[in-house]
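# A structural walkthrough
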Amino acid sequence: MGKVDTYTTEYMSQPEVFADIFNYYLYNGKEKIHPENLQDMDTRQFALLHGKGKGSAPVQRIRDNVKCVVAKSDERAEYMILSVENQLNVHYAMPVREMIQDALQYDSQVKVISKKHRNHLKEGSEYLSGFAKDDKINPVISLVILWNGDEWDGPRTLHDMLKVKDEKLLTYVPNYKLNIIEPQSIRDDDFDKFHSKMKQVLKYIKYSKDKTALKKVIEEDELYRTMDRKTAELINVVTNSKFEFQEEGEVIDMCQAMREIEEDARQEGIQEGEARGEARGEARGEARMALLMKKLIEAERIDDIEKAAIDEKVRAELYKEFYL
């Protein structure tokens, strides 16, 4: 697992953050999912694909974050399995990838139920399928989070990936749609629908490539002045902001960190400008000296050539004499 994967997966494992992101996406920011009702699930998923002659081929997929939850909706308790896939970059085959992982999760539920029925279903269709007529499985809702400030320019559905464009034919092909959170597409007034530090994280990512707008965002939100270290480090990693934090302390002032970066950039700019100026000055000086020598040679003033080469005052007088 890479550095970004480690940071994003660990951050999303926090119940309050996990609940917040799904409350935003599913319930428009209403707090229907409560952190204390979330339970961690195994992120590994297995299946056996049966083939001819070679027996079964094992398939394994590992998701980033998976939790089950009971949430109240329309006065009813809804049991759901929620998963998050963290993406620093667009994955152009994501609909197929997510579809397989959701299918494995459904398959896992069916197997659990079938195992419970092992000694109870004696005959008929229920016995053959290992699944009773009245059995039900729980919905799996997968959410892809894009951890950069770009738009998701890849396929958003399975149909987007297909070569066939015949609408009539596509009606016979079940579609699969991605659920995506991309900071770039979140309206500024919608950030208030978040109730955790995900608000500051996603807003920072949205404006991370526009330093002027980003500076304004940070200055206007006081929470950036008391950012917890875990959140600040996540922002630093996913946006490659290159903040330098003190070793001690759990609270980070992002405003101060940005001012320090701006000051470093300003000093580097000054130094580069001075270096360029010195280089241009040296080049002009060398050109001026060469022209003076040419003039002295043409005037056959050999003694002055030697004096001008070693005496700056003599050289200055000769520059005036020849209007150089």
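For the structure, check the block above.
Below is a short write-up of the structure. Think of each chain on its own: its residues are numbered from 1, step by step along the sequence as written. Whole-chain, interface and lining totals are the exception, using all residues; otherwise, since this is a predicted model, local features are given only for residues with pLDDT of at least 70 and side-chain atom pairs are given and counted only at 80 or more. Here the side-chain values reflect all heavy atoms present in the structure, with hydrogen atoms and water set aside.

Before going further, it helps to examine helix H11 (residues 312-321). Residue pairs spaced three or four apart in an α-helix point in one direction, given the helix's 3.6 residues per turn. For every residue, the accessible area (1.4 Å probe, protein chains only) is compared with the maximum for its type, and the residue is labelled buried under 20%, exposed over 50%, or partly exposed between those bounds. Helix and strand definitions follow DSSP, with helices as H or I runs of at least four residues and strands as E runs of at least two, each counted in order from the N terminus. For H11, the complete set of buried residues consists of Arg315, Leu318 and Tyr319. When H11 is viewed along its axis, its buried side chains cluster within an angular range of 105° and face the same direction. Exposed side of H11, more than 90 degrees from the buried face: Lys313 and Lys320 are the residues found there. In protein, a polar contact requires one atom able to donate a hydrogen and another able to accept it; more generally it is a pair of N or O atoms within 3.5 Å, and residues adjacent in sequence count only if both atoms are side-chain atoms. The backbone nitrogen of Lys313 lies 2.9 Å from a side-chain oxygen of the residue at the head of H11, namely Asp311. At the C-terminal side of H11, Tyr323 shows a positive phi close to 55°. This arc corresponds to the set of directions leading from the helix axis out to the C-beta atoms.

With that settled, consider the nonpolar core. Throughout, nonpolar core names a set of buried Ala, Val, Leu, Ile, Met, Phe, Trp, Tyr and Cys residues whose side chains join them through atoms within 4.5 Å. Of all hydrophobic cores here, the largest spans 48 residues; its most connected members are Ile21, Phe22, Ile33, Trp147, Met198, Tyr204 and Met254. With seven residues, helix H2 (residues 15-27) is the largest single contributor of residues to this core. Residues in contact with Ile33, not counting those within four places in the same chain, are Ala19, Phe22, Asn23, Leu26, Tyr27, Leu38, Val69, Ala71, Met80 and Leu82. Ranked by size, the runner-up nonpolar core spans nine residues in total, among them Leu158, Tyr176, Leu178 and Ile180. Throughout, a residue-residue contact means that at least one pair of heavy atoms, one from each residue, lies within 4.5 Å.

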